[in-house]
Amino acid sequence: MTAGDRYLKRLNDGRRVWLNGEIVPDLPSHPAFRGTVRSVAGILDLQDDPVTSRELTFTTNTGARANLAYLIPTEKEDIFRRSRSYRIWSDATFGVMSRVSGFYRAQLTGWYINRELIRSEQPHFPEKLARYYTHLRDNDLLITAAGHDPQIDRTKLASELGELYTALRIVRETEDGIVVRGAKMIATGGPYMDEIMVSPHSKKTQEEQRYAVMFAISPSHPGVHLICRESFASDNQEDHPLSSRYDEMDAVLVFDDALIPWERVFIKDDPDAIWKIRSDQLVSALSLHENIARLVSKLEFVAAVGTELAASIGITKFAHVQEKLAELYFQLESVQALLLSAEHRSKLHPLGVWVPEMQPILTAKNLGNRYYPRALEILQQLSGAGMLQVPSTLAELNGPLGPQLQNVYRGADRNAEDRVKLLKLAWELTGSGLGARHELYERFYAGDPVRTYAGQYVEYDKQPLLDKVGKRIG
Ligand SMILES: Cc1cc2nc3c(=O)[nH]c(=O)nc-3n(C[C@H](O)[C@H](O)[C@H](O)COP(=O)(O)OP(=O)(O)OC[C@H]3O[C@@H](n4cnc5c(N)ncnc54)[C@H](O)[C@@H]3O)c2cc1C
């Protein structure tokens, strides 16, 4: 049985995935999910492929073959190995699937490495976290996370939202665990995952102690509901090359007095401990490293589509078009350079692991949320109305009006079929529901950009800069 087959078997576990007001009875056969399920299974199968297996997996101390996102980087070369594996998975989906490629696996690995950080506050954390990490690593499980309270009123604490259990909160404790009620948002890829880590992603106050809880569940955990947004999936691969395969879905988690067993409760009633482990630099650097590798795949893809769009209508000789294409290449080259910089400047942490340099990673992440929307804008500028001037189906090129349509839709350098395929792909990226979702994703996935920029200002080591000015003016 391949890794993909094992994954398909795991999906039918009674998870309560809600779409269009109903629980989806069988993810692998449902039209809104089956294309993406096939893609995830296909990506997992790369781990069994003799060509890619060595690049994607390693042998653990228990003898299992595990994904490299779970590798503890004890050598500097391990940072590059991890990076290569992220790129293989991201390239396989053109960077548009963010959760299968290892973001939260890498985060869990970081927590495992630094699990002693909060032993004095949460004595059970190191052992529980170690068992959880080993379980996911050795069983090759996929994980996402949900960390935000419902928006409602952002000037208020979770405890001030009127109904006490609007945001996820502990209701009571029993011999077996904690009972939780309320919502957490949003778990990208939630319906497709094996595990979901739930914890506040922003700092909780002491008044919100009962909201300061970190635990993990499977999507089929009793009392847990996944409320999906509208599906952007299509069953028509020919006309919708991305949404037919890569709608990874975003879901709000609703907990209806779910009992979370103690073994899976990592932290409770402790805003400071959660914030300490969440904001740890080692953890952030290891997990965001994966994000930047994925962003390179995505920017490469958009730059390629832009180049093809321009060539397809013969506009590459115009200087302003060259300027726009060059901007796509600058984006790609600068994020790639930042990724390499972070990797080559990796440092040996006192815990004996290599960690990518944080500043280039943060810079790439923050640039990414401006670059990606601009890249989509460039695709629109290059295409004019081209993306909308296509027949609704590719098949029409061979229909009753075939000869006329083949003439009308041909490009400067390609036949009608190739040009219409390209335009449909470009529309998927820029104008479709999936495309709009991806723009929003790149703007927000790692936090509100206003605050992540401000955070980089606060964290930046400004002293060397000030010293330079100091030396100049005395
Ligand atoms: C496609 C997509 C996928 C995502 N996937 C995940 C996931 O898998 N897991 C996960 O946990 N999260 C995920 N997120 C959530 C993401 O982390 C948040 O969107 C992001 O942190 C911003 O939070 P918010 O959406 O609640 O917006 P808010 O924080 O409510 O911000 C909305 C607006 O209000 C302003 N604002 C709000 N509060 C303040 C304040 N205190 N000070 C100043 N300005 C404020 C912001 O600047 C912004 O303009 C995803 C988001 C998107 C769009």
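Residues numbered from 1 in each chain as written. Predicted model: local features only at pLDDT ≥ 70, side-chain atom pairs only at ≥ 80, totals over all residues. Heavy atoms only, no water.

- Named according to an unreviewed UniProt entry, the chain is 4-hydroxyphenylacetate 3-hydroxylase originating from Paenibacillus beijingensis.

**Some points on the UniProt feature "domain: HpaB/PvcC/4-BUDH C-terminal" (unreviewed entry) in the chain**
Part 1: As annotated in UniProt, the feature "domain: HpaB/PvcC/4-BUDH C-terminal" (unreviewed entry) corresponds to residues 289-470 in the numbering used here.
Part 2: Measuring from the first to the last C-alpha atom of residues 289-470 gives 34 Å, for a span that is 71% helix and 2% strand. (UniProt positions renumbered as here; feature names shortened; annotations may be inferred. Helix = DSSP H or I, 4+ residues; strand = E, 2+ residues; numbered from the N terminus.)

**Regarding the pairing of strand β10 (residues 224-228)**
Part 1: For β10, the tally of buried residues reaches four of five residues, placing the bulk of the element in the interior.
Part 2: Sheet analysis places strand β1 (residues 17-19) next to β10, joined by two bridges and oriented parallel. Looking at the pairing, Trp 18 lines up with Ile 227 of β10.
Part 3: Strand direction decides the pairing type here: β10 and strand β11 (residues 250-261), joined by five bridges, are antiparallel. (Buried < 20%, exposed > 50% of the residue type's maximum accessible area, 1.4 Å probe, protein only. Pairing = 2+ DSSP bridges.)

**Observations concerning the sheet that holds strand β5 (residues 143-146)**
Part 1: What the four strands build is an open sheet, ordered β5-β8-β9-β12; its pairing is mixed. Edge strands, defined here as strands with exactly one partner in the open sheet, are β5 and β12 (265-268). Ignoring strand direction, the axes of neighbouring strands in this sheet form an average angle of 20 degrees.
Part 2: The pairing of strand β8 (residues 195-198) with strand β9 (residues 213-217) spans three bridges and is antiparallel. Bridge pairing links Met 197 to Ala 216 in β9. (Axes fitted to C-alpha atoms, helices over the stretch in contact; angles between N-to-C directions.)

**A word on the site of the ligand**
Part 1: In the region of the ligand, 23 residues are neighbours, and Ala 145, Arg 154, Ile 186, Thr 188 and Asp 448 sit closest.
Part 2: Here an oxygen atom of the ligand and a side-chain polar atom of Gln 151 are 2.8 Å apart.
Part 3: Here an oxygen atom of the ligand sits 2.7 Å away from a polar atom, N or O, in the side chain of Asp 448.
Part 4: The fraction of the free accessible surface of the ligand (950 Å²) that becomes covered by protein chains is 72%.
Part 5: Of all the elements in the fold, those that place two or more residues in the shell around the ligand are β5, β7 (177-188) and α13 (433-444).
Part 6: Three or more residues apiece are contributed to the shell around the ligand by two domains, here domain 1 (3-277) and domain 2 (280-462). (Near = heavy atom within 4 Å. Polar contact = N/O pair within 3.5 Å; in protein donor to acceptor, adjacent residues only side chain to side chain. Areas by Shrake-Rupley, 256 points an atom, 1.4 Å probe, with all protein chains shown as cover. Domains from an automatic or database assignment.)

**As for empty space enclosed by the protein**
Part 1: With the rule as written, the count across this model stands at two cavities of 30 Å³ or more.
Part 2: As for the largest cavity, its lining consists of Lys 365, Asn 366, Asn 369, Glu 442, Arg 443, Phe 444, Tyr 445, Ala 446, Gly 447 and Thr 452.
Part 3: Across the lining of the largest cavity, the residue classes tally to three nonpolar, four polar and three charged.
Part 4: Empty space within the second largest cavity amounts to approximately 30 Å³.
Part 5: Lining the second largest cavity are Pro 31, Ala 32, Phe 33, Arg 34, Gly 35, Thr 36, Ala 233, Ser 234, Asp 235, Ser 243 and Ser 244.
Part 6: Its residues placed into classes, the lining of the second largest cavity shows four nonpolar, five polar and two charged. (1 Å grid on protein atoms, 1.4 Å probe; cavity = no way out; pocket = protein on both sides within 12 Å on 5 of 7 lines; lining within 4 Å. Points joined across faces, edges and corners; volume = space filled by probe spheres on them. Nonpolar A, V, L, I, M, F, W, Y, C, P; charged D, E, K, R; others polar.)

**Quick word on the layout of surface pockets**
Part 1: There is about 200 Å³ of room inside the second largest pocket.
Part 2: If you go around the second largest pocket, the residues you meet are Gln 281, Leu 282, Ala 285, Lys 347, Leu 348, His 349, Val 355, Pro 356, Glu 357 and Met 358.
Part 3: Counting residues per element, the lining of the second largest pocket draws most heavily on helix α8 (residues 281-312), at three residues.
Part 4: Residues belonging to the lining of the second largest pocket are distributed by class as follows: six nonpolar, two polar and two charged.

**Focus: the nonpolar core**
Part 1: Counting residues in each nonpolar core, the largest one holds 134 residues, and the members touching the most others are Phe 33, Met 197 and Phe 255.
Part 2: Shared between two domains, this core takes at least three residues from each, and those domains are domain 1 (3-277) and domain 2 (280-462).
Part 3: When residues no more than four places from it in sequence are discounted, the contact partners of Phe 33 are Val 17, Leu 19, Val 24, Leu 27, Pro 191, Tyr 192, Cys 228 and Met 249. (Core = buried A, V, L, I, M, F, W, Y, C linked by side-chain atoms within 4.5 Å. Contact = heavy atoms within 4.5 Å.)

**Things to note about the domain arrangement of the chain**
Part 1: Under the domain assignment, the chain is made up of domain 1 (3-277) and domain 2 (280-462).
Part 2: If you average the C-alpha positions of domain 1 and of domain 2, the two centres end up 25 Å apart.
Part 3: With 44 residues of domain 1 at the contact, the number on the domain 2 side is 41 residues.
Part 4: Taken together, the two surfaces of domain 1 and domain 2 that pack against each other cover about 3600 Å², and 63% of this comes from carbon and sulfur.
Part 5: Where domain 1 packs against domain 2, one counts four salt bridges.
Part 6: In this structure, the salt-bridge partner of Asp 250 is Arg 437, at a minimum N-O distance of 2.7 Å.
Part 7: Counting the contacts that link domain 1 with domain 2 gives 19 residue pairs in polar contact (both at pLDDT 80 or more).
Part 8: Considering every element that reaches the side of domain 1 that touches domain 2, the biggest residue donor is helix α4 (residues 76-92), with nine residues.
Part 9: Here the side of domain 1 that touches domain 2 is composed, by residue class, of 18 nonpolar, 13 polar and 13 charged. (Buried area = accessible area lost by both parts, 1.4 Å probe. Salt bridge = Lys/Arg side-chain N within 4 Å of Asp/Glu carboxyl O.)

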